[in-house]
Amino acid sequence: MKSRIHPVSRPVVFRDRAAGVAFLTRSTADADQRVDWEDGNSYPVIDVETSAASHPFYTGTHRVLDTAGRIEQFRRRYENAEPTGR
């Protein structure tokens, strides 16, 4: 690798506020806030709104939309509407 062209990778704590979960990983992101981690060291912390711990796809709580019902609702709403011609 060429020197001085890659960003610095450092340990960072990402904290998911919605799920109350935090995890330590490496990232090029930096933050002003710091948190004391389980190993006794202090790391920069970045608060995120969604992670794998709280995202519905990963937690299995996602909803499947009834697309056929949506189409029927659209047709009922606009079947008697007159076209606007020019």
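Computed from a prediction, not measured in an experiment: that's the story for all the values here.

Caption draft 1: Just the pattern of salt bridges, in detail. Summed over all chains, the structure comprises three salt bridges. The closest approach of N and O atoms between Arg17 and Asp47, which form a salt bridge, is 3.5 Å. On the criterion of sequence distance, the pair formed by Arg17 in the loop between strand 1 (10–16) and strand 2 (21–27) and Asp47 in strand 4 (residues 42–48) is long-range, its members being 30 residues apart. For Arg17, a relative accessible area of 54% puts it in the exposed group. Residue Glu72 pairs with Arg75 through a salt bridge whose shortest N-O separation is 3.5 Å. Highlighted residues: Glu72 and Arg75, both in helix 2 (residues 67–78), separated by three residues, approximately one helical turn. Under the relative-accessibility criterion, Glu72 is labelled partly exposed at 40%. Three or more residues joined by partner-sharing salt bridges are found here, namely Arg15, Arg17 and Asp47.

Caption draft 2: Structural detail: the packing of aromatic side chains. Under the definition given, this model contains two aromatic pairs. Taking 6.0 Å as the distance between ring centres and 25° as the angle between the ring planes, the aromatic pair formed by Phe14 and Phe23 counts as stacked. On the basis of relative accessible area, Phe23 is assigned to the partly exposed category, the value being 34%. On the basis of an interplanar angle of 50° and a centroid distance of 5.0 Å, the ring pair of Phe74 and Tyr78 is categorised as tilted. One end of the pair, Phe74, and the other, Tyr78, are both in helix 2, four residues apart, so they sit about a helical turn from each other.

Caption draft 3: Structural detail: unusual backbone geometry. With a phi close to 70°, Arg4 is a non-glycine residue in the positive phi region. Of note, Arg4 is situated in the segment before strand 1.

Caption draft 4: Structural detail: the environment of Val13. Within the fold, Val13 resides in strand 1. As for Val13 and Trp37, which are separated by 24 residues in sequence, their C-alpha atoms are 8.2 Å apart. With sequence-adjacent residues up to four places away left out, Val13 is seen in contact with Ala22, Phe23, Leu24, Val35, Trp37, Tyr43, Pro44, Val45 and Ile46.

Parameters and conventions
- Residues numbered from 1 in each chain as written.
- Predicted model: local features only at pLDDT ≥ 70, side-chain atom pairs only at ≥ 80, totals over all residues.
- Heavy atoms only, no water.
- Salt bridge = Lys/Arg side-chain N within 4 Å of Asp/Glu carboxyl O.
- Helix = DSSP H or I, 4+ residues; strand = E, 2+ residues; numbered from the N terminus.
- Buried < 20%, exposed > 50% of the residue type's maximum accessible area, 1.4 Å probe, protein only.
- Phe/Tyr/Trp six-rings, centres within 6.5 Å; stacked < 30°, edge-to-face > 60°.
- Contact = heavy atoms within 4.5 Å.

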